[in-house]
Amino acid sequence: MSNRIAVVPGSFDPPTLGHLDIIRRAAGLYDELHVLVVHNPDKEGMLPLALRLRLLEQSIADAELPGKIVVGSWSVGLLVDYAEEVGAGVLVKGIRAQQDVSYETPMAVVNNHLAGVETVFLLADPANSVVSSSLVRQVAGLGGDVSPYVPGAVARYLDQSTPSDF
Ligand code: PNS
């Protein structure tokens, strides 16, 4: 496993500007970055997996981020199984506030125990400190404007959709 290859995992339901900022900064730190849409069986979700992937790919392409970035999905087995499969020694997570540290810490410790994978936390830009997928889902579901919080491709998709499409 290489410390030059990293995975940015998440639900990305939908991708936000906070996600994109973490992806951009991680892409500058590692030789190869895997942005991975992980299917979480505990979360029903708003957007189907294939759509999250498409919106993520489009958002990354539009942002013209440098470096090697692979977008993928993972719905079988542990996240560290994917990391091992692609040779990644690092997981990258964004931290907005103390609650994120509390949520992420057990996963980071367990992932390290399971496979020796390290988790690197990047502090979110304060501009994105209130941005979350759940907030975007709520505002979009009630017909509000989410364009300040999401990449253009996501805003365009959500704008054309009605809540019953989600
Ligand atoms: O965007 P999210 O919903 O905060 O992402 C959470 C995610 C997908 C990163 C998290 O649920 C996860 O790591 N799932 C993988 C399942 C796994 O490997 N669990 C065991 C070790 S924690």
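You'll find the structure just up there.
About the cut-offs
- Residues numbered from 1 in each chain as written.
- Predicted model: local features only at pLDDT ≥ 70, side-chain atom pairs only at ≥ 80, totals over all residues.
- Heavy atoms only, no water.
- Helix = DSSP H or I, 4+ residues; strand = E, 2+ residues; numbered from the N terminus.
- Rg over C-alpha atoms; globule rule 2.2 N^0.38 Å.
- Near = heavy atom within 4 Å.
- Polar contact = N/O pair within 3.5 Å; in protein donor to acceptor, adjacent residues only side chain to side chain.
- Areas by Shrake-Rupley, 256 points an atom, 1.4 Å probe, with all protein chains shown as cover.
- Nonpolar A, V, L, I, M, F, W, Y, C, P; charged D, E, K, R; others polar.
- Core = buried A, V, L, I, M, F, W, Y, C linked by side-chain atoms within 4.5 Å.
- Buried < 20%, exposed > 50% of the residue type's maximum accessible area, 1.4 Å probe, protein only.
- Contact = heavy atoms within 4.5 Å.
- Patch = residues over 30% accessible without salt bridge, like charges linked within 9 Å, V, L, I, M, F, W, Y side chains within 5 Å.
- Salt bridge = Lys/Arg side-chain N within 4 Å of Asp/Glu carboxyl O.

Draft legend 1. Representation of the overall build of the chain within the structure. The helix and strand tally for the chain stands at six helices and five strands. Starting at the N terminus, the α and β elements of the chain follow one another as β-α-β-α-β-α-β-α-β-α-α. Its C-alpha radius of gyration of 15 Å places the chain within 12% of the 15 Å reference for a compact globule of 166 residues. Across its three principal directions, the C-alpha atoms of the chain cover 45 × 35 × 30 Å.

Draft legend 2. Summary view of the site of the ligand. What surrounds the ligand is the set Gly10, Ser11, Val38, Asn40, Lys43, Leu78, Leu79, Lys93, Tyr103, Met107 and Asn111. Contacts to the ligand include serine 11, whose side-chain N or O atom sits 2.5 Å from an oxygen atom. Within the contact set of the ligand, an oxygen atom lies 2.9 Å away from a backbone nitrogen or oxygen of leucine 79. A total of 560 Å² of accessible area belongs to the ligand in isolation, and the protein chains cover 78% of it. Tallied by class, the residues present in the shell around the ligand amount to five nonpolar, four polar and two charged.

Draft legend 3. Summary view of the nonpolar core. Residues Ile23, Leu33 and Val92 are the most contacted members of the largest nonpolar core, which totals 19 residues. Contributing elements (two or more residues each) for this core: strand E1 (2-10), helix H1 (17-27), strand E2 (32-38), helix H2 (49-63) and strand E4 (88-95). Among the elements that take part in this core, H1 stands out by supplying five residues, more than any other. In this structure, leucine 33 is in contact with Ala6, Val8, Ile23, Ala26, Ala27, Lys68, Ile69 and Val70, ignoring residues within four places of it in sequence.

Draft legend 4. Quick peek at unusual backbone geometry. A cis amide bond links aspartate 13 to the next residue, proline 14, at an omega of 0°. Among the secondary structure elements, proline 14 is positioned in the loop between E1 and H1. Positive phi, close to 50°, is recorded for phenylalanine 12, a residue that is not glycine. One can find phenylalanine 12 in the loop between E1 and H1. Although it is not a glycine, glutamate 64 adopts a positive phi angle of roughly 50°. A relative accessible area of 69% places glutamate 64 in the exposed class.

Draft legend 5. Representation of a nonpolar patch on the surface in the model. A cluster of nonpolar side chains, namely Leu78, Val110 and Leu114, defines an oily patch on the protein surface of about 250 Å² accessible area. Secondary-structure assignment places leucine 78 in the loop between strand E3 (68-74) and helix H3 (79-86). We classify leucine 78 as partly exposed; its relative accessible area is 42%.

Draft legend 6. Spatial organisation of the pattern of salt bridges. Scanning the model with the defined rule gives nine salt bridges in all. Salt-bridge contacts for arginine 52 lead to aspartate 13; the nearest nitrogen and oxygen are separated by 3.6 Å. With arginine 52 in helix H2 and aspartate 13 in the loop between E1 and H1, this residue pair connects regions lying 39 residues apart in the sequence. The shortest N-O distance in the salt bridge between glutamate 32 and lysine 68 comes to 3.6 Å. Of this pair, glutamate 32 sits in strand E2 while lysine 68 sits in strand E3, and the two are 36 residues apart along the sequence. Residue lysine 68 is classed as partly exposed on the basis of its relative accessible area of 47%. In this structure, a network of salt bridges that share partners links the residues Asp13, Arg52 and Arg137.

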